[in-house]
Amino acid sequence: MRRVSKITAACAVTATLALTASACGESSTESSGSDKGKMKIGMAYDVGGRGDNSFNDSAARGLDKAKSEFGAETKELTAKTGETPADREQRLESLAEGGYNPVVAVGFAYKDAVDKVAAKYPKVNFGLVDSVATAKNVDSIVFTEEQGSYLAGVAAALKSKDGQVGFIGGVDLPLIKKFAAGFQQGVLDTNPKAKVQIQYLSTGSDLSGFGSPDKGSAAAKGMLDKGADVIFAAAGGSGAGSIEAVAGKKGAWSIGVDSDQALDPSLAKYKDTIMTSVVKNVDGGVYDLVKSVKDGKPLTGTQTYTLAKDGVSLTTTGDHIKDIQTKLDEAKKKIADGTIKVKTTT
C-alpha cells in the first residue's frame, strides 16, 4: 500500500495502494558512476517517493541496504499525481532498457504495467510490491496486512474506555478492506460488546482518499463525536489528518500505518497520542529480491511476508502498549500457529 504522512495537502495524494503520498512530479536520483559489471538496481516508487516517511521509504531502506552490501548502482524514479498507466509502463521500460536488474515497482498501481513490461523484457527480473503479477519473471512481494491489523484491533479494544473504536480506510479497495477486516476481528474477539465504526474516504478508481488530510480529519472528528476513543487510519496521507484530529480529543488514541508514525517529523507534536502503528516491512522484501538476483537465483512467484515472519508488526515507540504486550504476544502466537484465522473481508 503506498502511503505518506505529510499533513500539507498541496502535493498529497500510499500504499500501499500501498497507496500514496505527496509529490508534485516525477523525480529521479541516480548513483554516481557506472562501472561495467556493477550490479544495477532500478526502483520505481509510487507517488511521494523517497522521503515520504512511510511506504516508499520502507522500500528505500531495502534498496539502501542492498546498495551498500553489494556495491550496486541504483536509479530511482517517482510517480506523479494523476499519471496514466502508460506513464508507469514508460518508467519501468526506461529502467529495463538502462540495464537495471532487478527493477522494483512499489505499489499495487504498477500491477498492469509490470505485467506488460516484464513480458517484454523476459531476461530482466522485476519486483512488485503489494500486488500479484502474472508474468513469470516477477517477484510479487505481498503482506498479511490483516494479521498486523488484528493485533491493532486487540490493542484498540484493550485501550478503549468504552469499546467505541473506529477504522478509516483511504479507498474502498480489497487491499484496504484487509486492514479493516483484521482490525474489526481483533477488536470483537477481544471485546464482543465493542462497536467498530468503519468509513472509507473514496471508492473505486478515485484514489483521492489516500491524499486528503482534510477528509481524514473530518472522518475522525465524526467518529470522535460518536464516542470513538481509538481510531486506526489506513489511508496514506489522509491518515495524518486523522492523527491530528484525534490528538485534539483528550484521552483518545490514534493508530498509524505503514511506518512508525510516532517517529514521523511532520507528526512529532502528536506522537504522545499515537498508540502504535501497523507496519509492513517492505524493506525486507526488496532486499530479499535483490540478494536473490545477486546470488543468481532470482525469486519469482509470490512471496508472502506474514506476522510469523515479522513481515508485519506493531511499533512500540513511546511504550504506549507496554502494559498490554503480554496479551498482544498471546494473540500473535495464536495467529502464527493457526489457532486464530484472520479474515480478509469484513
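For the structure itself, consult the block above.
Calculation rules
Residues numbered from 1 in each chain as written. Predicted model: local features only at pLDDT ≥ 70, side-chain atom pairs only at ≥ 80, totals over all residues. Heavy atoms only, no water. Salt bridge = Lys/Arg side-chain N within 4 Å of Asp/Glu carboxyl O. Buried < 20%, exposed > 50% of the residue type's maximum accessible area, 1.4 Å probe, protein only. Axes fitted to C-alpha atoms, helices over the stretch in contact; angles between N-to-C directions. Helix = DSSP H or I, 4+ residues; strand = E, 2+ residues; numbered from the N terminus. Parallel < 35°, antiparallel > 145°, perpendicular 65-115°, else oblique. Left-handed = near helix turned anticlockwise from the far one by under 90°. Contact = heavy atoms within 4.5 Å. Nonpolar A, V, L, I, M, F, W, Y, C, P; charged D, E, K, R; others polar. Expected span 1.5 Å × (residues − 1). Arc of directions from axis to C-beta. Polar contact = N/O pair within 3.5 Å; in protein donor to acceptor, adjacent residues only side chain to side chain. Phe/Tyr/Trp six-rings, centres within 6.5 Å; stacked < 30°, edge-to-face > 60°. Lys NZ or Arg CZ within 6 Å of the ring centre and 35° of its normal. Pairing = 2+ DSSP bridges.

Colleague: Mind showing me how you'd approach the pattern of salt bridges here?
Modeller: Oppositely charged side chains can form a pair if their charged atoms are brought close together. Scanning the model with the defined rule gives 17 salt bridges in all. A salt bridge links E83 to R88; the nearest nitrogen and oxygen atoms lie 3.5 Å apart. Taken individually, E83 and R88 each receive the classification buried, so the pair is uniform in this respect. Three or more residues joined by partner-sharing salt bridges are found here, namely D130, E145, E146, K178 and K280.

Colleague: Can you walk me through the packing of helix α6 (residues 213-225) against helix α7 (residues 238-247) in this structure?
Modeller: The geometry of a pair of packed helices is captured by two quantities: the angle between their axes and the separation between those axes. One can describe the packing of α6 onto α7 by two numbers: an axis separation of 6 Å at closest approach and a directional angle of 40 degrees. Taken together, the axes of α6 and α7 are oblique relative to one another. Crossing geometry of α6 relative to α7 is assigned as right-handed. Across from P213, G216, S217, A220, K221 and L224 in α6, the residues of α7 making contact are S238, G241, S242, A245 and V246. In terms of residue class, the contact of α6 with α7 is made up of five nonpolar, five polar and one charged.

Colleague: Would you mind going over α6 with me for this structure?
Modeller: Each full turn of the α-helix corresponds to 3.6 residues, which orients residues three or four apart in the same direction. Between its first and last C-alpha, α6 extends 18 Å over 13 residues, near the 18 Å set by a 1.5 Å rise per residue. Residues P213, G216, S217, A219, A220, M223 and L224 constitute the buried set of α6. Seen from one end, α6 has its buried residues packed into an arc of 165 degrees, which puts them on one side. Opposite the buried face of α6, by more than 90 degrees, sit the exposed residues D214 and D225. The inward-facing, buried residues of α6 abut β7 (164-172), β8 (195-203), β9 (230-234) and α7.

Colleague: How should the environment of S277 be read in this particular structure?
Modeller: You can see S277 is positioned in strand β11 (residues 274-280). S277 sits in the buried class, given a relative accessible area of 0%. Sequence separation of S277 and V257 is 20 residues, and the distance between their C-alpha atoms is 5.0 Å. Each residue touching S277, except ones within four places of it in the same chain, is listed here: I255, G256, V257, S259, D260, Q261, S313, L314 and T315. In terms of polar contacts, S277 uses its side chain to reach the backbone carbonyl oxygen of S259, at 3.4 Å.

Colleague: Whenever I open this one, the packing of aromatic side chains confuses me. Can you help?
Modeller: For any pair of aromatic rings, the description rests on two quantities: the centre-to-centre distance and the angle between the ring planes. Here the structure, examined in full by the defined rule, presents seven aromatic pairs. Summarising the aromatic geometry, the rings of F70 and Y287 are spaced 6.0 Å apart at their centres and angled 15 degrees between planes, so their arrangement reads as stacked. Highlighted residues: F70 in helix α1 (residues 55-70) and Y287 in helix α8 (residues 282-294), separated in sequence by 217 residues. Both residues of the pair, F70 and Y287, count as buried. Between the aromatic rings of F167 and Y200, the centroid separation amounts to 6.4 Å while the plane-to-plane angle is 70 degrees, which identifies the pairing as edge-to-face. Here the residue F167 occupies a position in strand β7, and Y200 occupies one in strand β8, the gap between them amounting to 33 residues. When its relative accessible area of 0% is taken as the criterion, F167 is described as buried. Among the residues examined, Y200 registers a relative accessible area of 21% and is labelled partly exposed. Pairwise contacts between aromatic rings join F167, F179, F183, Y200 and F232 into one cluster. Between K40 and the ring centre of Y100, over which it is positioned, the NZ or CZ distance is 4.5 Å. Stacked on the ring of Y287, the Lys or Arg K65 has its end atom at 4.2 Å from the ring centre.

Colleague: Help me understand the pairing of strand β6 (residues 138-143) in this model?
Modeller: Two faces, one strand: in a regular strand the side chains alternate between the faces of the sheet. Within β6, six of the six residues are buried, leaving the element largely enclosed by the surrounding structure. Inspection of the sheet shows strand β5 (residues 126-129) paired to β6 by four bridges, in the parallel sense. By the bridge assignment, L128 is partnered in β6 with S140. In terms of strand pairing, β6 meets strand β12 (residues 301-305) through five bridges, oriented parallel. Among the inter-strand pairings, S140 is bridged to a residue of β12, identified as T302.

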